[in-house]
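Here's the letter readout for the chains.
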Amino acid sequence: DAGVIQSPRHEVTEMGQEVTLRCKPISGHDYLFWYRQTMMRGLELLIYFNNNVPIDDSGMPEDRFSAKMPNASFSTLKIQPSEPRDSAVYFCASSPKRSTEAFFGQGTRLTVV
Amino acid sequence: ILNVEQSPQSLHVQEGDSTNFTCSFPSSNFYALHWYRWETAKSPEALFVMTLNGDEKKKGRISATLNTKEGYSYLYIKGSQPEDSATYLCAFPIYNQGGKLIFGQGTELSVKP
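In every chain, residue numbers begin from 1 and rise along the written sequence. Numbering of ligands from 1 and lettering of chains from A proceed in the order in which they are written. Only residues with pLDDT of at least 70 get local features here, since the model is predicted, and only at 80 or more are side-chain atom pairs given and counted; chain-wide, interface and lining totals rely on the full set of residues. Calculation of side-chain values draws on the structure's entire complement of heavy atoms; hydrogens and water are dropped beforehand.

Draft legend 1. Local environment of the overall build of chain A. Helix and strand counts for chain A come out as zero helices and eleven strands. Order of helices (α) and strands (β) in chain A, N terminus to C terminus: β-β-β-β-β-β-β-β-β-β-β. As a reference, a globule follows 2.2 Å times the number of residues to the power 0.38, and the radius of gyration itself is taken over C-alpha atoms. Computed over C-alpha atoms, the radius of gyration of chain A comes to 13 Å, within 12% of the 13 Å expected from 2.2 N^0.38 for 113 residues, which places it in the range of a compact globule. Dimensions of chain A, computed from C-alpha atoms along their principal axes, come out at roughly 35 × 25 × 25 Å. Going through the 113 residues of chain A one by one, you find that 48% of them count as buried. By definition in these notes, contact holds between two residues if any of their heavy atoms fall within 4.5 Å. Put simply, of all contacts in chain A between residues at least 6 apart along the chain, 53% involve residues at least 24 apart. His is not counted, nor are the chain ends; Lys and Arg add positive charge and Asp and Glu add negative charge. To locate a charge, take NZ of a lysine, CZ of an arginine, CG of an aspartate or CD of a glutamate. In chain A, 12 side chains carry a positive charge and 13 a negative one; their mean positions are 3 Å apart. Only runs of H or I of at least four residues qualify as helices and only runs of E of at least two qualify as strands under DSSP, and these elements are numbered from the N terminus. Exposure is judged per residue with a 1.4 Å probe applied to protein chains only, and the accessible area is read against the type maximum: over 50% gives exposed, under 20% gives buried, and values in between give partly exposed.

The structure is reproduced here in structure tokens:
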């Protein structure tokens, strides 16, 4: 398996634009997590899915953020409209079972100008 | 609020030095503790998943111990090498919340040749 695949690797966008980040988890993994890394807060969990169903989105900062998982092999994190303070590295991770190790994608570095 | 704390925040050592750092986590409702290594410009990779009190795990020159009763884990690196330079993260999965990981802020290790 190629591991968790995220796209794009880098995204630069203007404030107010819609941004969509994509993730393909490892096949067979039941859990998918979206994390955001910032200098101030470190790695913080935004939302996670179990068997494609969103379980906990309490970490999503605002209504501008939304995430979907239409099938077991694809998830998106959307920010609309984007703001400069959304600039961060966004990681997707998957794990095969509850509380087992998480496998991270390479991350998407988002810059909103 | 669950808190996972790591110390020190950063560490600078010379090649060949042995080093260790600490992760403190809630001792109640313990299920597991994860250690990850995060190299610059890469994604976090799991080092150890520890579940048993008193457990000690080893991978090459890196080892970790676990005390679930008092809520701490130590990570040791014997004879540090420049390639050990990375941020070392511990993470505490919350079992009844899908195993979502609460990460510490990490210890940034720099090994000078």
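Draft legend 2. Focus on the sheet that holds strand β1 (residues 5-7) of chain B. Residues and elements named next belong to chain B. Taken together, the five strands give an open sheet; going across it, the order is β1-β3-β8-β7-β6, and neighbouring strands pair in antiparallel fashion. With one partner strand each, in any of the chains shown, β1 and β6 (56-59) form the two edges of the open sheet. Neighbour-to-neighbour, the strand axes of the sheet open up by a mean angle of 15 degrees, direction not taken into account. Think of it this way: DSSP has to see at least two bridges between two strands before they count as a pair. In the sheet, strand β7 (residues 62-67) pairs with strand β8 (residues 72-77) via six bridges, with the strands oriented antiparallel. Paired with Ala64 across the two strands is Leu75, which belongs to β8. Structural elements are reduced to axes, namely lines fitted to C-alpha atoms, with helices fitted over the stretch in contact, and the angle between N-to-C directions of any two is expressed from 0 to 180 degrees.

Draft legend 3. Main features of the nonpolar core. Judged by nonpolar contacts, the single largest core of 23 residues is most densely connected at Phe21, Leu33, Trp35, Phe48, Leu75, Tyr88 and Leu109 of chain B. Elements that contribute at least two residues to this core include exactly β2 (10-14), β3 (19-24), β4 (33-38), β5 (45-50), β7, β8, β9 (86-94) and β11 (107-112) of chain B. Element by element, the count of residues in this core is highest for β9 of chain B, at four residues. Counting 21 residues, the second largest nonpolar core, distinct from the first, contains Ala67, Leu77, Ile79 and Ala88 of chain A. To qualify as a nonpolar core, a set must consist of buried Ala, Val, Leu, Ile, Met, Phe, Trp, Tyr and Cys residues joined through side-chain atoms within 4.5 Å.

Draft legend 4. Region of the structure containing the interface of chain B and chain A. With 20 residues of chain B in contact, the opposing surface of chain A contributes 21 residues. Buried area is a sum: the accessible area each of two parts loses on coming together, probed at 1.4 Å, counted once for each and added. Buried area between chain B and chain A, both sides added, is near 1,700 Å², and the carbon and sulfur share of it is 57%. Salt bridges are identified by distance alone: a Lys or Arg side-chain nitrogen within 4 Å of an Asp or Glu carboxyl oxygen. At the boundary of chain B with chain A, the tally comes to one salt bridge. Measuring nitrogen to oxygen at the nearest pair gives 2.7 Å for the salt bridge that ties Lys100 of chain B to Asp56 of chain A. Any N or O atom pair separated by 3.5 Å or less is treated as a polar contact, with the protein-specific requirement of one donor-capable and one acceptor-capable atom, and with residues adjacent in sequence counted only for side-chain atom pairs. Put simply, chain B and chain A have four residue pairs in polar contact (both at pLDDT 80 or more) between them. Going through the elements one at a time, β4, β5, β9 and β10 (100-103) of chain B are the ones with two or more residues in the side of chain B that touches chain A. Just so you know the grouping, Ala, Val, Leu, Ile, Met, Phe, Trp, Tyr, Cys and Pro go in nonpolar, Asp, Glu, Lys and Arg go in charged, and all remaining residues, Gly too, go in polar. Partitioning the side of chain B that touches chain A into residue classes produces eleven nonpolar, seven polar and two charged.

Draft legend 5. Examining the pairing of strand β7 (residues 65-71) of chain A more closely. Residues and elements named next belong to chain A. Pairing of β7 with strand β8 (residues 74-79), which is carried by five bridges, proceeds in the antiparallel orientation. Bridge pairing in β8 links Ser66 to Lys78. Hairpin connection, β7 to β8: the antiparallel pair is bridged by two residues.

Draft legend 6. Highlighting the state of the cysteines. Note that a disulfide, as used here, is simply two cysteine sulfur atoms within 2.5 Å. Applying the stated criterion to the full structure yields two disulfides over all chains. Across the disulfide, Cys23 of chain A is cross-linked to Cys92 of chain A (sulfur-sulfur distance 1.9 Å). Taking the torsion about the sulfur-sulfur bond, which here is approximately -65 degrees, the covalent link between Cys23 of chain A and Cys92 of chain A counts as left-handed. Of this pair, Cys23 of chain A sits in strand β3 (residues 19-24) while Cys92 of chain A sits in strand β9 (residues 88-95), placing them 69 residues apart in sequence. For the pair Cys23 of chain A and Cys92 of chain A, one class covers both residues: buried. The disulfide partner of Cys23 of chain B is Cys90 of chain B, and the gap between their sulfur atoms is 2.0 Å. Taking the torsion about the S-S bond as the criterion, the Cys23 of chain B to Cys90 of chain B disulfide, at about 80 degrees, is right-handed. Residue Cys23 of chain B is located in strand β3, and its partner Cys90 of chain B is located in strand β9; the two are separated by 67 residues in the primary sequence. A relative accessible area of 0% places Cys23 of chain B in the buried class.

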